[in-house]
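Each chain, letter by letter, is given below.
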Amino acid sequence: MVYLAPGSGLPRRSRRITEASHWVSLCVRGEGTRGRVPNPNDFDQMTLKWMVRLAGGIIIWSAPGMQRRAELAALVSGSSNRRALTIETTPEVAPQWRAFAEQWKRPGVVTSELGPLADNVGA
């Protein structure tokens, strides 16, 4: 499991070790704390783009608390290439994350959204 939070990114060596793994779960911690929700610009851009490009499936999870957790688990376990990227965020910032993912993901990678404002799993 590789977590990314706002601030500095992963060193090159850590990225190469992750790339060599046959199965890895990637997670962007974008749900925020203390009233501020981070957007893609708050993260190390090189590492964030690398995570999106590496992903075999991208899930933007903006459901409050643990809602839709079972659907998230099913998407992560079924992701092609065994490299699922989960972006934890809020409904207000989810569109920014979707735009970022769509811009940087590899062709053919599916982006799904799980949240109160988006029910388009597998869109």
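Higher on the page you've got the structure.
Residues numbered from 1 in each chain as written. Predicted model: local features only at pLDDT ≥ 70, side-chain atom pairs only at ≥ 80, totals over all residues. Heavy atoms only, no water.

**Q** In this structure, what is going on with the pattern of salt bridges? I would like to understand it.
**A** When charged atoms on two side chains of opposite charge get close, those side chains can pair. In total, this model carries six salt bridges according to the counting rule given. Put simply, Glu88 and Arg29 hold a salt bridge, and the shortest N to O gap is 2.8 Å. One end of the pair, Glu88, is in strand E4 (residues 83-88); the other, Arg29, is in strand E2 (residues 24-29), with 59 residues separating them in the sequence. Residue classification places Glu88 among the buried positions, given a relative accessible area of 15%. Among the salt bridges present, the one from Asp42 reaches Arg36, with a minimum N-O distance of 3.0 Å. Residues participating in the shared-partner salt-bridge network are Arg98, Glu102, Lys105 and Glu113. (Salt bridge = Lys/Arg side-chain N within 4 Å of Asp/Glu carboxyl O. Helix = DSSP H or I, 4+ residues; strand = E, 2+ residues; numbered from the N terminus. Buried < 20%, exposed > 50% of the residue type's maximum accessible area, 1.4 Å probe, protein only.)

**Q** Hey, could you run me through helix H4 (residues 94-104) in this one?
**A** For the α-helix, the turn length of 3.6 residues means that residues three or four positions removed from each other point alike. Along H4, the residues classified as buried are Ala94, Trp97, Arg98, Phe100 and Ala101. Taken around the axis of H4, the buried residues stretch over an arc of 165 degrees, which confines them to a single face. Away from its buried face by more than 90 degrees, H4 exposes Pro95 and Gln103. Buried residues in H4 make contact with E2, helix H2 (45-54), strand E3 (57-61), E4 and strand E5 (111-114). (Arc of directions from axis to C-beta. Contact = heavy atoms within 4.5 Å.)

**Q** Teacher, can you tell me more about the sheet that holds E4 here?
**A** The strands making up a sheet are joined through hydrogen bonds of the backbone, oriented either antiparallel or parallel. Strand order in the open sheet formed by five strands is E1-E2-E4-E3-E5, and the pairing between neighbours is parallel. Each edge of the sheet is formed by a strand with only one pairing partner; in this case those strands are strand E1 (2-4) and E5. Within this sheet the neighbouring strands show an average axis-to-axis angle of 20 degrees, counted without direction. Pairing of E3 with E4, which is carried by five bridges, proceeds in the parallel orientation. When the bridges of E4 are listed, Trp61 appears paired with Glu88. Helix-sheet contacts for H2 involve E1, E2, E3 and E4, and the interaxial angle to E2 is about 140 degrees. Its contacts with the sheet place H4 against E2, E3, E4 and E5, and it is angled at close to 170 degrees to E5. (Pairing = 2+ DSSP bridges. Axes fitted to C-alpha atoms, helices over the stretch in contact; angles between N-to-C directions.)

**Q** So what exactly am I meant to see when it comes to the environment of Met46 here?
**A** Note that Met46 resides in helix H2. Overall, Met46 belongs to the exposed group, its relative accessible area being 54%. Sequence-wise, Met46 and Gly9 are 37 residues apart; in three dimensions their C-alpha atoms are separated by 7.5 Å.

**Q** What's the story with the pairing of E5 in this structure? I'm lost.
**A** When a strand is regular, its side chains alternate between the sheet's two faces. Here E5 shows no split at all, with Thr111 and Glu113 on one side and Ser112 and Leu114 on the other all buried. Sheet topology note: the E3/E5 ladder contains four bridges and is parallel. Opposite Ile59, over in E5, you have Ser112 as the bridge partner.

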